[in-house]
Structures are given as structure tokens and as C-alpha cells.
Amino acid sequence: MSVNEKIRPIKTEKAKKILKKKFKNDNATDFEVAITDKGVDIFIKENYPSMTLIYTKKTPIIKGYYNKDEENFISNYFLSYGKEITAIKPTRLKKLIIKKLADNLSYLNHI
């Protein structure tokens, strides 16, 4: 009998808590992004462990967090939703997405 056979597997909820603690920095930013039903399809096809899809009053919301060094990634991720986003919190995340969009527009205008 191997050593691992004596160890009981951990429950899914406990594993999620361990992962969240391991990857969420103290200075991480929590966010909530409301999306359309088409946005739900995008989320189902591509989402990450730091995100959860919830419904509030029948409105789908992506709730999660990003660390300071993930700002470029998170703004790119939400740019892919386009008009399927209906609200963004906090304002800082909205500003990051707008800046990324402006940078992309400026780049495209100069090529």
C-alpha cells in the first residue's frame, strides 16, 4: 500500500479556498462585471479560477479579483466581451479597459 492511499482526498470547497488564498495577493482588486446572456456564453468558453459567474436579480455578473501584475491581462480579457458588458465595478477596472481600448485604437490608426 502506498503512502498516498492512506491520505484522504480534500473536499472541493477546501481546495478552492486553498487556491484562492495562494493566488490572491493582499493588494488584489475585487471586481464585478455585469454581462448579457451572450456574455455568459463567452464566460463559459473562457474563464479563470479567480472568477465566478453569479446571478443577481436575473443579471449575470462575473465576480472575481485580479492582482496588480495582472492588470494588462484582465483588461485584455474583458475587451473580448465588447458590447456584452453592461456594467463594470470598480471604476479603476473600467479605466484600465478604456485605456487598453484607446491604446489599441491609436496603434491601429498608425499602421
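Bear in mind the structure is a predicted one, so any value in this text is a computation, not a measurement. Note that residues are indexed from 1 along each chain, following the sequence as it is written. Given that this is a predicted model, residues contribute local features only at a pLDDT of at least 70 and side-chain atom pairs are listed and counted only at 80 or more, while totals for whole chains, interfaces and linings are drawn from all residues. Hydrogens and water molecules were not included; the side-chain quantities draw on all heavy atoms of the structure.

**Here we look at the overall build of the chain**
And then number 1: A run of H or I in DSSP becomes a helix once it reaches four residues, and a run of E becomes a strand once it reaches two; helices and strands are each numbered from the N terminus. Scanning the chain from N- to C-terminus turns up 4 helices and 4 strands.
And then number 2: Element order for the chain, N to C, with α for helix and β for strand: α-β-α-β-β-α-β-α.
And then number 3: Here's how the labels work: a residue is buried when its accessible area is under 20% of the maximum for its type, exposed when over 50%, partly exposed in between, all with a 1.4 Å probe on protein chains only. The buried share among the 111 residues of the chain stands at 27%.
And then number 4: In what follows, residue pairs with any heavy atoms lying within 4.5 Å of each other are defined as contacts. Counting contacts in the chain only where the partners sit at least 6 residues apart, residues at least 24 apart contribute 66% of the total.
And then number 5: Per-residue and other accessible areas were derived by the Shrake-Rupley procedure at a 1.4 Å probe size, with only the shown protein chains allowed to occlude residues. Carbon together with sulfur atoms contributes 56% to the accessible area of the chain, which is approximately 8700 Å² in total.

**Section: the sheet that holds strand S2 (residues 51-56)**
And then number 1: DSSP calls a pair of strands paired once it identifies at least 2 bridges connecting them. If you walk across this open sheet you meet the 4 strands as S2-S3-S1-S4, and the pairing is antiparallel. The sheet terminates laterally at S2 and strand S4 (85-89), the two strands that pair on one side only. On average, adjacent strands in this sheet sit at an angle of 25 degrees to one another, irrespective of strand direction.
And then number 2: Bridge analysis of strand S1 (residues 29-35) against S4 gives 4 bridges, and the strand direction is antiparallel. Opposite Ala34, over in S4, you have Ala87 as the bridge partner.
And then number 3: Convention adopted: a line fitted to C-alpha atoms gives each axis, helices being fitted over their contacting stretch, and angles between N-to-C directions are expressed from 0 to 180 degrees. Relative to the sheet, helix H2 (residues 37-45) contacts S1, S2 and strand S3 (59-66), its axis offset from that of S2 by approximately 155 degrees.

**Comments concerning unusual backbone geometry**
And then number 1: Cis rather than trans, the peptide bond between Lys89 and Pro90 has omega equal to 0 degrees.
And then number 2: The backbone of Lys57 sits at a positive phi, close to 50 degrees, despite the residue not being glycine.
And then number 3: Look at Lys57 and you get exposed, because its relative accessible area is 79%.
And then number 4: Residue Lys58 is not a glycine yet carries a positive backbone phi of 70 degrees.
And then number 5: Tracing the backbone through its elements, the reader meets Lys58 in the loop between S2 and S3.

**Quick word on the packing of helix H3 (residues 71-79) against helix H4 (residues 91-109)**
And then number 1: Between H3 and H4, the shortest axis-to-axis distance is 9 Å and the interhelical angle comes to 75 degrees. Relative to H4, H3 is oriented roughly perpendicular. In this structure, H3 contributes Glu71, Asn72, Ile74, Ser75, Asn76, Phe78 and Leu79 to the contact, and H4 contributes Arg92, Leu93, Leu96, Ile97, Lys100, Leu101 and Asn104.
And then number 2: Classes in brief: Ala, Val, Leu, Ile, Met, Phe, Trp, Tyr, Cys and Pro nonpolar; Asp, Glu, Lys and Arg charged; the others, Gly included, polar. For the contact of H3 with H4, the per-class residue count stands at 7 nonpolar, 4 polar and 3 charged. Angles are sorted into four bins: roughly parallel if under 35 degrees, roughly antiparallel if over 145, roughly perpendicular if 65 to 115, and oblique for all others.

**With respect to the side chain of Glu84**
And then number 1: Mapped onto the secondary structure, Glu84 falls in the loop between H3 and S4.
And then number 2: In this tally Asp and Glu are treated as negative and Lys and Arg as positive; neither His nor the chain ends contributes. Counted as salt bridges are all cases of a side-chain nitrogen of Lys or Arg within 4 Å of a carboxyl oxygen of Asp or Glu. Comment: no salt bridge for buried Glu84; closest opposite-charge side chain is Lys38, at 5.2 Å.
And then number 3: Under the rule applied, a polar contact is a pair of N or O atoms within 3.5 Å (in protein, one hydrogen donor and one hydrogen acceptor; residues adjacent in sequence only if both atoms are side-chain atoms). Among the polar contacts listed, one links the side chain of Glu84 to the side chain of Thr36, at a separation of 2.4 Å.
And then number 4: Contact partners of Glu84, with chain neighbours within four places excluded, come to Ala34, Ile35, Thr36, Lys38, Gly39 and Ile42.

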